[in-house]
Amino acid sequence: MRRIGFSTGALARGDFRLGLEILHRHRIDVVELSALRVNELAPLSAAIPHLDLSGFTFVSIHAPSRFDIEEEARVVDQLRVLADQGFPIVVHPDMIFNPGRWQIFGDRLLIENMDKRKPIGRTVDELRGLFEALPAAQFCFDIGHARQVDPSMTEAALLVRCFQDRLAEVHMSEVNTASRHDPISKNAVNAFSAVMSSIPEDIPIILEPLIDEGQSDVATEMQRAHEVFAVVAV
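Each value, and the rule that gives it
- Residues numbered from 1 in each chain as written.
- Predicted model: local features only at pLDDT ≥ 70, side-chain atom pairs only at ≥ 80, totals over all residues.
- Heavy atoms only, no water.
- 1 Å grid on protein atoms, 1.4 Å probe; cavity = no way out; pocket = protein on both sides within 12 Å on 5 of 7 lines; lining within 4 Å.
- Points joined across faces, edges and corners; volume = space filled by probe spheres on them.
- Helix = DSSP H or I, 4+ residues; strand = E, 2+ residues; numbered from the N terminus.
- Buried < 20%, exposed > 50% of the residue type's maximum accessible area, 1.4 Å probe, protein only.
- Pairing = 2+ DSSP bridges.
- Axes fitted to C-alpha atoms, helices over the stretch in contact; angles between N-to-C directions.
- Contact = heavy atoms within 4.5 Å.
- Phe/Tyr/Trp six-rings, centres within 6.5 Å; stacked < 30°, edge-to-face > 60°.

Visitor: Sorry if this is basic, but what is going on with the layout of surface pockets here?
Guide: Over the atoms rolls a probe the size of a water molecule, and in doing so it shows where empty space is left. Estimated volume of the largest pocket: approximately 680 Å³. Considering the residues around the largest pocket, the lining is formed by 27 residues, among which Leu36, Arg37, Ser65, Arg117 and His181 are closest to the centre.

This is the structure we're talking about:
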């Protein structure tokens, strides 16, 4: 059975506790705890020992998506506390200013491919050098980012094929031209299906469609995700 869950940031922007409550309510046991804004990281780290995560079979942490180079050492120190507790850490490659600082995470570091706004990390060629600098790091495949960068899905297929042995997590949503994570459309279901056939069943799928302001709902997005794999099965 596919392991499908949500990012807390998609469910409740800036409120991981509410995100967890929503997932408990829907009996979903796969979660990525979001600290996308740098000021969310310290409160999340402080709260972790007091959160009831016992019902979850997979829990990862999404590192801040934007901070200055002068903040890198502090962010790494805060994330290391979480990684030392066993949590995989998802990071955007444009936030890895000094790869040497990130060596300490080993295989708990998951590097994510980027959308077209970013200057690096969008393609196999752009990611290869970073994986060479961080040989133990794993891969978080964002299929929505890959489709936005290359709607033909060729680059998406290349990313999965080239980094299959590093694949540890998948992000799924529709990413629009403004790089916003939208609810998954029927067109996205069809576009994603062929590439998702290459994703092993045990890899956790994290849904990122923003539904925090009523754009969609948990049940609909879970259904769309299952439709992706139903198309694959056919």
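Visitor: Sorry, what's going on with unusual backbone geometry here?
Guide: If a residue is not glycine, its phi is most likely negative; likewise, a peptide bond is most likely trans. For Arg27, which is not a glycine, the phi torsion comes out positive at approximately 55°. In this structure, Met153 takes a positive phi of about 70° despite not being glycine. Position of Met153 relative to the elements: it lies in the loop between α7 (143-149) and α8 (154-162). Met153 sits in the buried class, given a relative accessible area of 8%.

Visitor: I tried to follow the sheet that holds strand β6 (residues 138-142) on my own but got confused; where do I start?
Guide: Either a parallel or an antiparallel arrangement is found when strands of a sheet pair, and the pairing is made through backbone hydrogen bonds. Pairing is parallel in the closed barrel, where eight strands are placed in the order β1-β2-β3-β4-β5-β6-β7-β10. Going across the sheet, the axis of each strand differs from the next one's by a mean of 30°, ignoring polarity. Relative to strand β2 (residues 30-34), strand β1 (residues 4-7) runs parallel, the two sharing two bridges. Looking across to β2, one finds that Phe6 is bridged to Val31. Strands β1 and β2 of the sheet are contacted by helix α2 (residues 16-25), whose axis makes an angle of about 170° with β2.

Visitor: How do you make sense of the packing of aromatic side chains when you look at a structure like this?
Guide: Given two aromatic rings, one states the distance between the centres and the angle between the planes to describe the pair. Scanning all chains against the criterion turns up six aromatic pairs. Ring geometry for Phe67 and Phe97: centres 6.0 Å apart, planes at 75°, overall edge-to-face. Of this pair, Phe67 sits in the loop between β3 (58-62) and α4 (72-83) while Phe97 sits in the loop between β4 (89-91) and α5 (99-102); the two residues are 30 residues apart in sequence, bridging distant segments of the chain. For Phe67, a relative accessible area of 5% translates into the label buried. Between Phe139 and Phe163, the aromatic rings sit 5.4 Å apart at their centres with planes inclined by 65°, giving edge-to-face as the arrangement. Linking Phe139 in strand β6 with Phe163 in the loop between α8 and β7 (167-172), this pair joins segments that are 24 residues apart in sequence. With a relative accessible area of 6%, Phe163 lands in the buried category. Cluster of aromatic residues (ring-pair linked, three or more members): Phe131, Phe139, Phe141 and Phe163.

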